[in-house]
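Each chain is listed here by its residues.
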Amino acid sequence: MNLISNLQLVVIFLLIGPIECKLHTFYYSATWINANPDGLKERPIISFNGTWPLPALEFEKGDTVNLYLHNGLENKSTSLHFHGLFQNGTTWMDGAEMLSQCPIPPGESFLYNFTLDQSGTYWYHSHSGSQYSDGLRGSVVIHDKEIESLYDYDEDLTVTLSDWYHDESDILVKKQLTRYNPTGAEPVPQNLLFMDKRDVSINVEKNQTYLMRFINMGIMVSQFISFEDHDFQIVEIDGVFVKPQRASMIYLAVGQRVSILLKTKNDPSKNYAIIQAMDTAMLDVQPDDLQVVSINYLSYSKDFENSKPDKSYYDIDNYEPFDDFYLTPIIETPILTDPDYQILVDVEMENLGDGINYAFFNNISYKSPKVPSLLTALSSPDDFTLNSKIYGSNTNSFILNPDEVIEIVINNKDDNKHPFHLHGHQFQTIYRSDKFEEPVTFDPNDKSQNNTARDYPSSRDTDVVNGNGYLVIRFKSDNPGIWIFHCHLDFHLEQGLALTIIESPLEIKKQLHNSLDGKLPDDYLSICLLYTSPSPRDSTSS
């Protein structure tokens, strides 16, 4: 059956009627344990119920989630964000600390309750500082049999990728935000993890097709993935299923997901290398002992020898990953029309009077408000709700009207890459420049920039602006909520590289009234009553 016939079949399935949906209930307590995932150093790691890695969560589209999170960390607040999920109608479940909720204090619990109206590959992680680098992160897969039936495969595998640090997140942030680090050089990871381990073998059978879902759950470096003597087809990015594209290498920035179809060999004679490499261009310093390329294996048989690594695997400067700008969603969405509202921001990294290097959007370094932005929106008179000033002087807040086309233009005046993630939405990537030696500002009238938009652009929730380059994205303001747009290099978020989207705030009030009779859940309010801000970087108003 060809792809078009399959797609027509999906539409028929969607029109037939409801699919049986399930309620999933989880009780997790976040606690410290000691673990040694890279085999080099044991360190404190955040577990769920004393176990790490954290659970891989799998659902069907339409299911409902009740996840009770108890904070048993004793010395830390925490939170939980489901990266890539829209939280349509449940913005108070988005988990972004001091935007959509107060942090969960030690000894307290919070119920994350929402229904899944998406499918694809996602992940969950703490949204409290850089805490997820301490291990508080895991995978989420939401199945949709109708969409998945468009692709022919035998087995579904989830492969998590991450960088790994031997220091806890608090120590890393202190190393980053100090006057003794005036250039703002980010801490360098000690290792890469593959499925939360090293030296991994994935057992495969010959002449089979595997749907492999890659998730970069790291905190700093982008990663390259390729397979010795195996090509594959890319079929999904960030929860958006795409028309299959043949490739030999993929690139995943922090927060991004890429799913591929990999066909194994008919007559293998060895176990083939899986090459995993850091994007070393993102590191200010590359220590001599840093292993920037890790080798794992597609294991056809325990009786076969593992192939010997080829020297080309280590030539990162000559890697040529597939350019995901040219992927097309399988359900084509035409390019959004000229924007009704544009947010134009410049990215800069500068030192302030305290000697610390901070990150800025338009000369504003994000600071958390003293009251969650959602509570400000819900509790203020309507006239004030629509005034961005009430949300805090350094929250960099933008008010969006309902059902408009929004364009965000990011001009990167920093020479490093930045993966930007938008909560509550997937966006179309309209333009994405190459890197430049000196900053180049986006100019739609400058023909020398060779900006060419696609009729059916790629769509995702996390994309990269290259060093000294620009990125232009568009989305429809059709999901009322409080959303953050931020760099997912969490060291940069700690430096202030974020802005706040206040989307249709009057509609949020209506949603709360219609779904919860105008009252937030008791546990939501109770953790706010217990919360005392520990941060000197809180906004001075709100």
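Residues numbered from 1 in each chain as written. Predicted model: local features only at pLDDT ≥ 70, side-chain atom pairs only at ≥ 80, totals over all residues. Heavy atoms only, no water.

A. Broad picture of the sheet that holds strand β18 (residues 272-278). Reading across the sheet, the five strands line up as β11-β19-β18-β13-β16 and stay open at both edges, with mixed pairing between neighbours. Of all strands in the sheet, those with a lone pairing partner are β11 (201-203) and β16 (249-252), marking the two edges. Across this sheet, the average inter-strand angle for adjacent strands is 20°, counted without regard to direction. (Pairing = 2+ DSSP bridges. Helix = DSSP H or I, 4+ residues; strand = E, 2+ residues; numbered from the N terminus. Axes fitted to C-alpha atoms, helices over the stretch in contact; angles between N-to-C directions.)

B. Molecular detail of the environment of Ser301. Mapped onto the elements of the fold, Ser301 is located in the loop between β19 (293-299) and β20 (341-351). Sequence-wise, Ser301 and Lys206 are 95 residues apart; in three dimensions their C-alpha atoms are separated by 9.6 Å. Side-chain polar atoms of Ser301 contact the backbone nitrogen of Asp303, separated by 3.0 Å. (Polar contact = N/O pair within 3.5 Å; in protein donor to acceptor, adjacent residues only side chain to side chain.)

C. Representation of the state of the cysteines in the model. Overall, the coordinates contain one disulfide when judged by the stated rule. Disulfide pairing places Cys102 opposite Cys528 at an S-S distance of 2.1 Å. Looking down the S-S bond of the Cys102 and Cys528 bridge, the torsion is 105°, so its handedness is right-handed. With Cys102 in the loop between β5 (81-83) and β6 (109-115) and Cys528 in helix α8 (residues 522-530), the pair connects residues that are 426 residues apart, well separated along the chain. Of the residues examined, Cys528 reaches a relative accessible area of 17% and is grouped as buried. (Disulfide = S-S within 2.5 Å. Buried < 20%, exposed > 50% of the residue type's maximum accessible area, 1.4 Å probe, protein only.)

D. Structural detail: the packing of aromatic side chains. Tallied over the entire structure, the rule returns 25 aromatic pairs. Ring centres 4.7 Å apart and planes at 5° place the aromatic pair Tyr27 and Tyr68 in the stacked group. With Tyr27 in strand β1 (residues 23-35) and Tyr68 in strand β4 (residues 64-71), this residue pair connects regions lying 41 residues apart in the sequence. Assessed through its relative accessible area of 57%, Tyr27 is described here as exposed. One residue, Lys265, lies across the ring of Tyr272, its end atom 5.4 Å from the ring centre. (Phe/Tyr/Trp six-rings, centres within 6.5 Å; stacked < 30°, edge-to-face > 60°. Lys NZ or Arg CZ within 6 Å of the ring centre and 35° of its normal.)

E. Up close: the environment of Thr51. Structurally, the position occupied by Thr51 is in the loop between β2 (43-48) and β3 (57-60). For the pair Thr51 and Thr31, spaced 20 residues apart in the sequence, the C-alpha separation amounts to 8.9 Å.

F. Structural detail: a negative patch on the surface. On the surface, a cluster of negative charge is contributed by Asp152, Asp154, Glu155 and Glu205. Relative to the assigned elements, Asp152 resides in the loop between α2 (145-148) and β9 (155-164). In this structure Asp152 comes out as exposed when scored by relative accessible area, which is 66%. (Patch = residues over 30% accessible without salt bridge, like charges linked within 9 Å, V, L, I, M, F, W, Y side chains within 5 Å. Areas by Shrake-Rupley, 256 points an atom, 1.4 Å probe, with all protein chains shown as cover. Salt bridge = Lys/Arg side-chain N within 4 Å of Asp/Glu carboxyl O. Lys, Arg positive; Asp, Glu negative; His and termini not counted. Charge placed at Lys NZ, Arg CZ, Asp CG, Glu CD.)

G. Spatial organisation of helix α3 (residues 169-176). Along α3, the residues classified as buried are Ser169, Leu172, Val173 and Gln176. When α3 is viewed along its axis, its buried side chains cluster within an angular range of 95° and face the same direction. Tucked inside the fold, the buried residues of α3 contact α6 (490-495). (Arc of directions from axis to C-beta. Contact = heavy atoms within 4.5 Å.)

H. Structural view of unusual backbone geometry. Here the residue pair Trp52 and Pro53 is connected by a cis peptide bond, since its omega of 5° sits within 30 degrees of zero. By secondary structure assignment, the location of Pro53 is in the loop between β2 and β3. Positive phi, normally seen in glycine, also occurs at Met195, with a value near 60°. Not every positive phi belongs to a glycine, and Asn468 is a case in point at roughly 60°.

I. Summary view of empty space enclosed by the protein. In total, this model carries seven cavities of 30 Å³ or more according to the counting rule given. Looking at the largest cavity, its volume works out to about 60 Å³. As for the largest cavity, its lining consists of Leu85, Phe86, Gln87, Asn88, Thr90, Phe114, Thr115, Leu116, Asp117, Gln118 and Ile142. Each pocket or cavity is described by its volume, and for the second largest cavity that value is around 50 Å³. A total of three residues in the lining of the second largest cavity trace back to one element, the largest contributor, which is β9. In terms of residue class, the lining of the second largest cavity is built from five nonpolar, three polar and two charged. (1 Å grid on protein atoms, 1.4 Å probe; cavity = no way out; pocket = protein on both sides within 12 Å on 5 of 7 lines; lining within 4 Å. Points joined across faces, edges and corners; volume = space filled by probe spheres on them. Nonpolar A, V, L, I, M, F, W, Y, C, P; charged D, E, K, R; others polar.)

J. Broad picture of the sheet that holds β1. Strand order in the open sheet formed by four strands is β2-β1-β4-β6, with mixed pairing between adjacent strands. A single partner strand is all that each edge strand has here, and the edge strands are β2 and β6. Taken over all neighbouring pairs, the strand axes of this sheet differ in orientation by 20° on average, direction set aside. Where β1 meets β4, eight bridges bridge the pair, whose relative direction is parallel. Following the sheet pairing, Phe26 is matched in β4 by Leu67.

K. Just the pairing of strand β24 (residues 418-422), in detail. Across the five residues of β24, five count as buried, placing the element largely inside the fold. Here β24 shows no split at all, with His418, Phe420 and Leu422 on one side and Pro419 and His421 on the other all buried. Relative to strand β29 (residues 481-487), β24 runs antiparallel, the two sharing three bridges. The residue bridging Phe420 from the neighbouring strand is Cys487, located in β29.

L. Representation of the environment of Lys476 in the model. Note on placement: Lys476 falls in strand β28 (residues 470-476). The exposure class assigned to Lys476 is partly exposed, which follows from its relative accessible area of 34%. In the structure, Lys476 is positioned 49 residues away from Phe427 in sequence and 8.0 Å away in space, judged by C-alpha atoms. When neighbours within four sequence positions are excluded, Lys476 is seen to be in contact with Leu336, Asp403, Glu404, Val405, His425 and Glu503.

M. Geometry of α8. Here α8 has its buried residues at Asp523, Tyr524, Ile527 and Cys528. Angularly, the buried residues of α8 cover 140° about the axis, an arc narrow enough to put them on a single face. The exposed set on the far side of α8, more than 90 degrees from its buried face, consists of Asp522 and Leu529. The inward-facing, buried residues of α8 abut β6 and α4 (373-379).

N. Layout of the pattern of salt bridges. Summed over all chains, the structure comprises 25 salt bridges. Put simply, Arg43 and Asp134 hold a salt bridge, and the shortest N to O gap is 2.7 Å. A residue pair is termed long-range when its members are at least 10 positions apart, and Arg43 in strand β2 and Asp134 in the loop between β7 (120-125) and β8 (137-143) qualify at 91 residues. For the pair Arg43 and Asp134, one class covers both residues: buried. Between Arg257 and Asp238 there is a salt bridge, with its nearest N and O atoms 3.5 Å apart. Of this pair, Arg257 sits in strand β17 (residues 257-263) while Asp238 sits in the loop between β14 (232-237) and β15 (240-247); the two residues are 19 residues apart in sequence, bridging distant segments of the chain. With respect to burial, Arg257 and Asp238 carry one shared label: buried. One network of salt bridges, in which partners are shared, links Asp238, Arg257, Asp323, Asp324, Arg432, Arg460, Asp461 and Asp463.

Read these as spatial facts, not as claims about activity.
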